[in-house]
Amino acid sequence: MDDAPVTRPSLLLRVRDPRNERAWEEFLEIYEPLVYRLARRKGFQDADARELTQEVFLAVSQAVDRFVPDPSLGSFRGWLFRIARNLMINFLKREGRHPHGTGDTWVNKLLEATPTGDGEESEFFELEYRRQAFQWAAERVREECQESTWRAFWMTSVEACDVRRAADVLGMTPGAVYVARCRVLARLRKKIEELDGAE
(Lines give C-alpha, C1' and ligand atoms only; values in the text may rest on other atoms or scores of the structure.)
Protein backbone atom coordinates (compact mmCIF):
# COMPACT_ATOMS: atom_id res chain seq x y z
CA MET A 1 0.00 0.00 0.00
CA ASP A 2 3.02 2.29 -0.27
CA ASP A 3 1.96 3.99 -3.50
CA ALA A 4 -1.76 4.07 -2.69
CA PRO A 5 -3.50 7.42 -2.54
CA VAL A 6 -4.22 8.72 0.93
CA THR A 7 -7.61 9.31 2.46
CA ARG A 8 -8.61 12.93 2.17
CA PRO A 9 -7.42 14.68 5.37
CA SER A 10 -10.41 17.04 5.33
CA LEU A 11 -12.79 14.09 5.56
CA LEU A 12 -10.86 12.66 8.50
CA LEU A 13 -11.03 16.03 10.23
CA ARG A 14 -14.75 16.32 9.64
CA VAL A 15 -15.56 12.82 10.96
CA ARG A 16 -13.86 13.70 14.22
CA ASP A 17 -17.08 15.59 14.96
CA PRO A 18 -19.71 12.89 15.62
CA ARG A 19 -22.44 15.44 14.89
CA ASN A 20 -21.23 16.03 11.34
CA GLU A 21 -23.76 13.71 9.72
CA ARG A 22 -22.82 14.60 6.16
CA ALA A 23 -19.16 13.71 6.74
CA TRP A 24 -20.12 10.43 8.40
CA GLU A 25 -22.52 9.55 5.58
CA GLU A 26 -19.78 10.09 3.01
CA PHE A 27 -17.24 8.25 5.14
CA LEU A 28 -19.52 5.25 5.64
CA GLU A 29 -20.54 5.20 1.98
CA ILE A 30 -16.89 4.77 1.07
CA TYR A 31 -15.55 2.54 3.83
CA GLU A 32 -18.44 0.47 5.18
CA PRO A 33 -18.64 -1.80 2.09
CA LEU A 34 -14.90 -2.47 2.37
CA VAL A 35 -15.12 -3.74 5.93
CA TYR A 36 -18.25 -5.76 5.19
CA ARG A 37 -16.66 -7.43 2.13
CA LEU A 38 -13.48 -8.19 4.10
CA ALA A 39 -15.56 -9.91 6.80
CA ARG A 40 -17.51 -11.90 4.22
CA ARG A 41 -14.26 -12.91 2.54
CA LYS A 42 -13.00 -14.22 5.88
CA GLY A 43 -16.07 -16.46 6.19
CA PHE A 44 -18.42 -14.37 8.32
CA GLN A 45 -22.10 -14.90 7.59
CA ASP A 46 -24.12 -11.87 6.50
CA ALA A 47 -25.54 -11.00 9.94
CA ASP A 48 -22.18 -11.43 11.65
CA ALA A 49 -20.43 -9.38 8.98
CA ARG A 50 -22.96 -6.56 9.46
CA GLU A 51 -22.58 -6.69 13.24
CA LEU A 52 -18.80 -6.67 12.95
CA THR A 53 -18.95 -3.73 10.53
CA GLN A 54 -20.97 -1.75 13.06
CA GLU A 55 -18.43 -2.57 15.77
CA VAL A 56 -15.58 -1.43 13.53
CA PHE A 57 -17.14 1.95 12.86
CA LEU A 58 -18.07 2.41 16.50
CA ALA A 59 -14.40 1.81 17.33
CA VAL A 60 -13.33 4.20 14.57
CA SER A 61 -15.70 6.90 15.83
CA GLN A 62 -14.17 6.58 19.30
CA ALA A 63 -10.56 6.59 18.08
CA VAL A 64 -10.47 8.75 14.93
CA ASP A 65 -9.54 11.87 16.89
CA ARG A 66 -6.34 10.08 17.96
CA PHE A 67 -5.39 9.05 14.42
CA VAL A 68 -2.35 11.06 13.31
CA PRO A 69 -2.11 11.45 9.53
CA ASP A 70 1.61 10.78 9.26
CA PRO A 71 2.83 8.69 6.28
CA SER A 72 5.71 7.34 8.37
CA LEU A 73 3.14 5.82 10.77
CA GLY A 74 1.05 4.28 7.99
CA SER A 75 -2.05 5.19 6.04
CA PHE A 76 -5.55 5.67 7.32
CA ARG A 77 -6.73 2.64 5.35
CA GLY A 78 -3.97 0.58 6.94
CA TRP A 79 -5.15 1.77 10.35
CA LEU A 80 -8.78 0.96 9.48
CA PHE A 81 -7.72 -2.46 8.16
CA ARG A 82 -5.92 -3.28 11.42
CA ILE A 83 -8.96 -2.22 13.48
CA ALA A 84 -11.22 -4.41 11.33
CA ARG A 85 -8.88 -7.37 11.49
CA ASN A 86 -8.38 -7.12 15.26
CA LEU A 87 -12.12 -6.78 15.83
CA MET A 88 -12.74 -9.86 13.66
CA ILE A 89 -10.45 -11.84 15.92
CA ASN A 90 -12.03 -10.38 19.07
CA PHE A 91 -15.52 -11.00 17.68
CA LEU A 92 -14.75 -14.66 17.06
CA LYS A 93 -13.15 -15.12 20.47
CA ARG A 94 -15.91 -13.29 22.33
CA GLU A 95 -18.79 -14.99 20.59
CA GLY A 96 -17.13 -18.39 20.60
CA ARG A 97 -17.95 -18.50 16.91
CA HIS A 98 -17.23 -21.53 14.84
CA PRO A 99 -17.76 -22.09 11.18
CA HIS A 100 -21.39 -22.88 10.49
CA GLY A 101 -21.85 -26.29 8.93
CA THR A 102 -18.18 -26.95 8.16
CA GLY A 103 -15.42 -28.96 9.75
CA ASP A 104 -12.51 -26.85 8.53
CA THR A 105 -10.18 -24.78 10.64
CA TRP A 106 -10.65 -21.33 9.07
CA VAL A 107 -11.34 -19.79 12.50
CA ASN A 108 -8.06 -21.13 13.83
CA LYS A 109 -6.24 -19.83 10.78
CA LEU A 110 -7.82 -16.42 11.28
CA LEU A 111 -6.94 -16.35 14.97
CA GLU A 112 -3.35 -17.33 14.27
CA ALA A 113 -2.90 -14.72 11.56
CA THR A 114 -0.82 -11.72 12.49
CA PRO A 115 -2.72 -8.41 12.39
CA THR A 116 0.05 -6.51 10.62
CA GLY A 117 -1.95 -5.38 7.63
CA ASP A 118 0.43 -7.17 5.26
CA GLY A 119 -0.41 -9.88 2.83
CA GLU A 120 -3.36 -11.03 0.86
CA GLU A 121 -6.06 -9.46 3.04
CA SER A 122 -4.38 -6.08 2.89
CA GLU A 123 -4.14 -6.31 -0.90
CA PHE A 124 -7.79 -7.36 -1.05
CA PHE A 125 -8.76 -4.40 1.15
CA GLU A 126 -6.83 -2.00 -1.11
CA LEU A 127 -8.37 -3.45 -4.27
CA GLU A 128 -11.84 -3.19 -2.76
CA TYR A 129 -11.12 0.42 -1.80
CA ARG A 130 -10.17 1.24 -5.37
CA ARG A 131 -13.37 -0.41 -6.64
CA GLN A 132 -15.45 1.46 -4.10
CA ALA A 133 -13.74 4.76 -4.97
CA PHE A 134 -14.53 4.20 -8.65
CA GLN A 135 -18.15 3.37 -7.86
CA TRP A 136 -18.46 6.44 -5.60
CA ALA A 137 -16.96 8.71 -8.27
CA ALA A 138 -18.96 7.13 -11.10
CA GLU A 139 -22.26 7.75 -9.31
CA ARG A 140 -21.41 11.44 -8.96
CA VAL A 141 -20.01 11.92 -12.46
CA ARG A 142 -22.94 10.17 -14.10
CA GLU A 143 -25.30 12.72 -12.54
CA GLU A 144 -23.25 15.51 -14.16
CA CYS A 145 -23.21 14.01 -17.68
CA GLN A 146 -25.64 13.71 -20.51
CA GLU A 147 -26.79 10.13 -20.96
CA SER A 148 -25.12 9.76 -24.37
CA THR A 149 -21.80 11.01 -22.98
CA TRP A 150 -21.98 8.57 -20.09
CA ARG A 151 -22.96 5.66 -22.35
CA ALA A 152 -20.09 6.44 -24.75
CA PHE A 153 -17.68 6.25 -21.82
CA TRP A 154 -19.26 3.14 -20.30
CA MET A 155 -19.48 1.19 -23.53
CA THR A 156 -15.89 1.89 -24.59
CA SER A 157 -14.11 1.95 -21.23
CA VAL A 158 -15.99 -0.52 -19.07
CA GLU A 159 -17.64 -2.87 -21.55
CA ALA A 160 -14.63 -2.68 -23.93
CA CYS A 161 -16.86 -2.02 -26.93
CA ASP A 162 -15.14 -0.89 -30.13
CA VAL A 163 -15.40 2.90 -30.62
CA ARG A 164 -16.94 2.55 -34.08
CA ARG A 165 -19.57 0.12 -32.82
CA ALA A 166 -20.39 2.39 -29.86
CA ALA A 167 -20.67 5.34 -32.25
CA ASP A 168 -23.13 3.38 -34.42
CA VAL A 169 -25.22 2.30 -31.44
CA LEU A 170 -25.30 5.82 -29.95
CA GLY A 171 -25.74 7.68 -33.24
CA MET A 172 -22.49 9.58 -32.69
CA THR A 173 -19.32 9.98 -34.69
CA PRO A 174 -16.25 8.04 -33.49
CA GLY A 175 -14.60 11.38 -32.70
CA ALA A 176 -17.54 12.39 -30.49
CA VAL A 177 -17.26 9.04 -28.66
CA TYR A 178 -13.55 9.66 -28.02
CA VAL A 179 -14.28 13.17 -26.73
CA ALA A 180 -17.09 11.93 -24.47
CA ARG A 181 -14.89 9.17 -23.08
CA CYS A 182 -12.03 11.59 -22.37
CA ARG A 183 -14.35 14.07 -20.63
CA VAL A 184 -15.84 11.41 -18.37
CA LEU A 185 -12.41 9.95 -17.56
CA ALA A 186 -11.13 13.42 -16.63
CA ARG A 187 -14.13 13.97 -14.33
CA LEU A 188 -13.67 10.56 -12.75
CA ARG A 189 -9.99 11.23 -12.09
CA LYS A 190 -10.84 14.57 -10.51
CA LYS A 191 -13.51 13.03 -8.24
CA ILE A 192 -11.17 10.25 -7.14
CA GLU A 193 -8.40 12.79 -6.48
CA GLU A 194 -10.87 14.75 -4.36
CA LEU A 195 -11.69 11.59 -2.46
CA ASP A 196 -8.08 10.59 -1.99
CA GLY A 197 -6.60 14.02 -1.46
CA ALA A 198 -4.11 13.28 -4.26
CA GLU A 199 -2.53 16.13 -6.19
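Starting afresh in each chain, residues are numbered from 1 along the sequence in its written order. Local features are withheld for residues below a pLDDT of 70 in this predicted model, meaning they are given only at 70 or higher, and side-chain atom pairs are given and counted only at 80 or more; totals for whole chains, interfaces and linings count all residues. Excluded from the side-chain calculations are hydrogens and water; all other atoms, namely the structure's heavy atoms, are used.

1. Considering the overall build of the protein chain
Going along the chain from the N terminus, every DSSP run of H or I of four or more residues is numbered as a helix, and every run of E of two or more is numbered as a strand. Looking only at helices and strands, the protein chain features nine helices and zero strands. In sequence order, the secondary structure elements of the protein chain are arranged as α-α-α-α-α-α-α-α-α. Whether two residues are in contact is decided by their heavy atoms, any of which lying within 4.5 Å being enough. Across the protein chain, every contact between residues at least 6 apart in sequence was considered, and the portion connecting residues at least 24 apart equals 67%. Carbon and sulfur atoms make up 49% of the accessible area of the protein chain, which amounts to about 11,500 Å² in all. Under the convention used here, a 1.4 Å probe and the Shrake-Rupley method define accessible areas, while residue burial counts only the protein chains that appear.

2. Quick notes on the layout of surface pockets
A pocket, in this scheme, is an open set of points on a 1 Å grid over the protein atoms alone with protein on both sides within 12 Å along at least 5 of 7 lines, while a cavity is a set where a 1.4 Å probe fits but cannot get out; residues line either one if an atom lies within 4 Å of a point. Grid points are joined across faces, edges and corners, and a volume is the space filled by probe spheres set on the points. Each pocket or cavity is described by its volume, and for the second largest pocket that value is around 160 Å³. Taken together, Arg 14, Arg 22, Glu 25, Glu 26, Glu 29, Trp 136 and Arg 140 make up the lining of the second largest pocket. Sorting the residues of the lining of the second largest pocket by element identifies α2 (21-41) and α6 (120-144) as the ones contributing at least two each. A per-element tally of the lining of the second largest pocket places α2 first, with four residues.

3. Regarding the side chain of Glu 128
Mapping Glu 128 onto the fold places it in helix α6. N or O atoms closer than or at 3.5 Å make up a polar contact, with two conditions inside protein: a donor-capable atom paired with an acceptor-capable one, and, for residues adjacent in sequence, both atoms drawn from side chains. Looking at Glu 128, its side chain comes within polar contact range of the side chain of Arg 37, at 2.3 Å. The contact partners of Glu 128, leaving out residues within four places of it in the chain, are Leu 34 and Arg 37.

4. Observations concerning the pattern of salt bridges
A pair is scored as a salt bridge if a Lys or Arg side-chain nitrogen falls within 4 Å of a carboxyl oxygen belonging to Asp or Glu. Here the structure, examined in full by the defined rule, presents nine salt bridges. For the salt bridge of Arg 140 with Glu 29, the shortest nitrogen-to-oxygen distance reads 2.9 Å. Placement of the pair is Arg 140 in helix α6 and Glu 29 in helix α2, with a sequence separation of 111 residues. Burial here depends on accessible area, computed with a 1.4 Å probe over protein chains only, as a share of the maximum for the residue type. Under 20% is buried, over 50% is exposed, and the range in between is partly exposed. The class of Glu 29 is partly exposed, set by a relative accessible area of 30%.

5. Focus: the confidence of the model for the protein chain
Per-residue confidence from the predictor is reported as pLDDT, a score between 0 and 100. Per-residue confidence for the protein chain gives a mean pLDDT of 78, with 78% of residues at or over 70. The least confident element of the protein chain is helix α5 (residues 106-112), whose mean pLDDT is 44; the most confident is helix α8 (residues 163-170), at 93. Scored below 50 in pLDDT, residues 1-6 shows 14 contacts in the model against residues more than four places distant or in partner chains. The low-confidence segment residues 99-117 (pLDDT under 50) makes 31 contacts with residues lying over four places distant or belonging to another chain.

6. Remarks on the environment of Glu 32
Take Glu 32: it is sitting in helix α2. A relative accessible area of 33% places Glu 32 in the partly exposed class. Linking Glu 32 and Gln 54, residues 22 residues apart in sequence, is a C-alpha distance of 8.6 Å. Apart from the residues within four sequence positions on either side, Glu 32 is in contact with Phe 27, Thr 53 and Phe 57.

7. As for the packing of helix α7 (residues 147-158) against α8
Remark: α7 packs on α8, axes separated minimally by 10 Å, with the N-to-C direction vectors making an angle of 150 degrees. The orientation of α7 relative to α8 falls into the category roughly antiparallel. Seen along the crossing, α7 lies across α8 with a hand that is right-handed. Of the residues in α8, those touching α7 at Ser 148, Arg 151, Ala 152, Met 155 and Thr 156 are Val 163, Ala 166, Val 169 and Leu 170. Just so you know the grouping, Ala, Val, Leu, Ile, Met, Phe, Trp, Tyr, Cys and Pro go in nonpolar, Asp, Glu, Lys and Arg go in charged, and all remaining residues, Gly too, go in polar. Taken together, the residues that form the contact of α7 with α8 break down as six nonpolar, two polar and one charged. Geometry is summarised by axes, namely lines fitted to C-alpha atoms with helices restricted to the contacting stretch, and by angles between N-to-C directions that run from 0 to 180 degrees. By the definition adopted for this analysis, an angle is roughly parallel if under 35 degrees, roughly antiparallel if over 145, roughly perpendicular if from 65 to 115, and oblique otherwise. Put simply, a crossing is left-handed when the front helix is turned counterclockwise from the back one by less than a right angle, and right-handed when it is turned clockwise.

8. A closer look at helix α3 (residues 46-63)
For a helix, the expected span equals 1.5 Å multiplied by the number of residues minus one. Relative to the 26 Å expected for 18 residues at 1.5 Å per residue, α3 spans 26 Å between its end C-alpha atoms, a close match to the ideal helical length. Three or more residues of α3 are buried, namely Asp 48, Ala 49, Leu 52, Thr 53, Glu 55, Val 56, Phe 57, Val 60 and Ala 63.

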